[in-house]
Amino acid sequence: MSLQGKFFKLANGNTIPAVGYGTGTKWYKTSNDELDNTLVDTLVKAIKLGFNHIDGAEVYHTDFEIGKAIEKSGVARKDIFITNKYWPGGNSLEKNNGPNPYESLKASLKRLNLDYVDLYLIHTPYITKESHGFDIVEAWKYLEQLQDEGLAKNIGVSNFAVADLQKILDSNPKHKPVVNQIEFSAYLQNQTPEIVEFSSKNGILIEAYGPSGPLTKGKGGPLDPVLEKLAKKYNKSEGQILLRWVLQRGVLPVTTSNKEERIKSFLDIFDFELDASDFKEISEVGKTHTVRQFFTEYKKFD
Ligand SMILES: NC(=O)C1=CN([C@@H]2O[C@H](COP(=O)(O)OP(=O)(O)OC[C@H]3O[C@@H](n4cnc5c(N)ncnc54)[C@H](OP(=O)(O)O)[C@@H]3O)[C@@H](O)[C@H]2O)C=CC1
Ligand SMILES: O=C1Nc2ccccc2C1=O
C-alpha cells in the first residue's frame, strides 16, 4: 500500500509522510568514500514500493546513496521527504570541532545533489560553547537561518531531553522545533523523563527510531505472547502490530530493512486499527520492561 495520503501534520502547517525509511543503523558507514550500491538499490526499491520519507544524517555517510536513489527512482523531488541531521558528537564532547550546522547542511546538500532537505535535525544535544564554539541556542539559530534561506523546509532536534528543548523554547526562537526524533518503542516509552508528553504539549512531533525494539534487542520479553496473539487476531505481522501501536500513540515510526517483503509490510499498516483494549495491553505490558539500544548514558552539561 502506498503511503500517499498518510501524513502527520506539523505545528507549522506542513505535512510529513507517516513512516520513515532509515539509512542509519544497519546501513551506517564511517566515511563517504565508497558508495554502498546495495543501499542505493534497496532505496530505489523502497521508493518504488511507495516509501516517500527517507531518514539520513551526516554521520551515516549515506548522502551520496540517497541522492543517487532519488535520481534513479524517477520520483519527483517534491514527492519525497528527505531528512538529514547535523552531528555534534555522541555522548562525549571530545569530538567535533568541525563545521557548524549551516556549513554542514550545505556540504550534505552537495552530496545529496539536492537544493533543500525537507527536515533538518540537530542529531544530539551534546553541544557546548567550550566544545563547539556555540551553544545549543546558537546552534538552533543556524537551523533557523537554513529554514529562512529555504535550504531546510522544516527544522527540529533529536535525542533532546526536556531541559534541552526548554533552552530553545526559552530563547524566544523565530522558528520552534517541529520534530524531536528519539528512541521510542513499547519497551521505551520515554527516552528521558517526560519527554513525550512535553514534546506533544509544545507542538513537537515525536519520531520513533528503534520502533521494532521488542522484536530485535527486546526479543524474549513480556510482549512476546501479546504480539503473537495480536498478529493472529489482525492477520498482520508482529512488526506491523508494533508500528501500528507507535502510529496510534501519535508518534511517527522510522524503521528500516534490507528485505523487500519487510519493506512492503512497513507500508501496509494503514488498513487496520488496534482496538482500545489491545492498544492498552501493548502499552501496559510494554511498560513493565525497558530496553534501550542507543545513547544508553545521558549526560548533562549544564
Ligand atoms: N536519531 C538517532 O539518534 C537515531 C536514528 N535512527 C534512525 O532510525 C532508523 C531505524 O532505526 P532501527 O533501530 O533500525 O529501527 P527498527 O527498530 O525498526 O529496527 C529495524 C531492524 O529490525 C529488524 N527487524 C524488523 N522486524 C523484525 C522481526 N520481526 N524480527 C527480527 N528483526 C526484525 C530489521 O531487520 P531486517 O533488515 O533483517 O529486515 C531491521 O534491521 C535508522 O536507520 C536511522 O535512520 C536510529 C538510531 C538512532
Ligand atoms: O542510526 C543510528 N545509529 C546510531 C548509533 C549511535 C548513535 C547514533 C546513531 C544513529 O542515528
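Preceding block: the structure.
Attention in this report is confined to the structure presented alongside it.

### Observations concerning the nonpolar core
Piece 1. Formed by 86 residues in total, the largest nonpolar core has its most connected members in Tyr120, Ile241 and Ile282.
Piece 2. Judged by nonpolar contacts, the second largest core, of seven residues, contains Ala57, Trp87, Tyr126 and Tyr209.

### Remarks on the pairing of strand E6 (residues 117–122)
Piece 1. Judged by how many residues are buried, E6 sits mostly within the fold: six of six residues are covered.
Piece 2. As paired strands, strand E5 (residues 81–86) and E6 are joined by four bridges and run parallel to one another. In the strand pairing of E6, asparagine 84 is matched with tyrosine 120.
Piece 3. Taken together, the five bridges between E6 and strand E7 (residues 152–158) define a ladder with parallel strand orientation. Bridged to leucine 119 within E7 is asparagine 154.

### Describing the environment of isoleucine 182
Piece 1. When you line up the elements, isoleucine 182 lands in strand E8 (residues 179–183).
Piece 2. For isoleucine 182, a relative accessible area of 0% gives the class buried.
Piece 3. With 25 residues separating them along the chain, isoleucine 182 and valine 157 place their C-alpha atoms 8.9 Å apart.
Piece 4. With residues near it in sequence (within four places) discarded, isoleucine 182 still touches Asn159, Phe160, Gln191, Ile195, Val196, Ile206, Glu207, Ala208 and Tyr209.

Definitions and limits used
- Counting of residues starts from 1 at the beginning of each chain's written sequence and follows it residue by residue.
- As a convention, the first chain written is A and the first ligand written is 1, with the rest following in written order.
- Totals for whole chains, interfaces and linings use all residues, but because this is a predicted model, local features are given only for residues with pLDDT of at least 70 and pairs of side-chain atoms are given and counted only at 80 or more.
- As a rule here, side-chain values come from all non-hydrogen atoms in the structure, and water together with hydrogens is ignored.
- Take the buried residues of types Ala, Val, Leu, Ile, Met, Phe, Trp, Tyr and Cys, join any two whose side-chain atoms come within 4.5 Å, and each joined set is a nonpolar core.
- Exposure classes here rest on a 1.4 Å probe applied to the protein chains alone. A residue is buried below 20% of its type maximum, exposed above 50%, and partly exposed in between.
- To qualify as a helix, a DSSP run of H or I must reach at least 4 residues; to qualify as a strand, a run of E must reach at least 2; elements of each kind are numbered from the N terminus.
- Two strands qualify as a pair provided that DSSP identifies no fewer than 2 bridges between them.
- Contacts between residues were defined by any pair of non-hydrogen atoms, one from each residue, lying within 4.5 Å.

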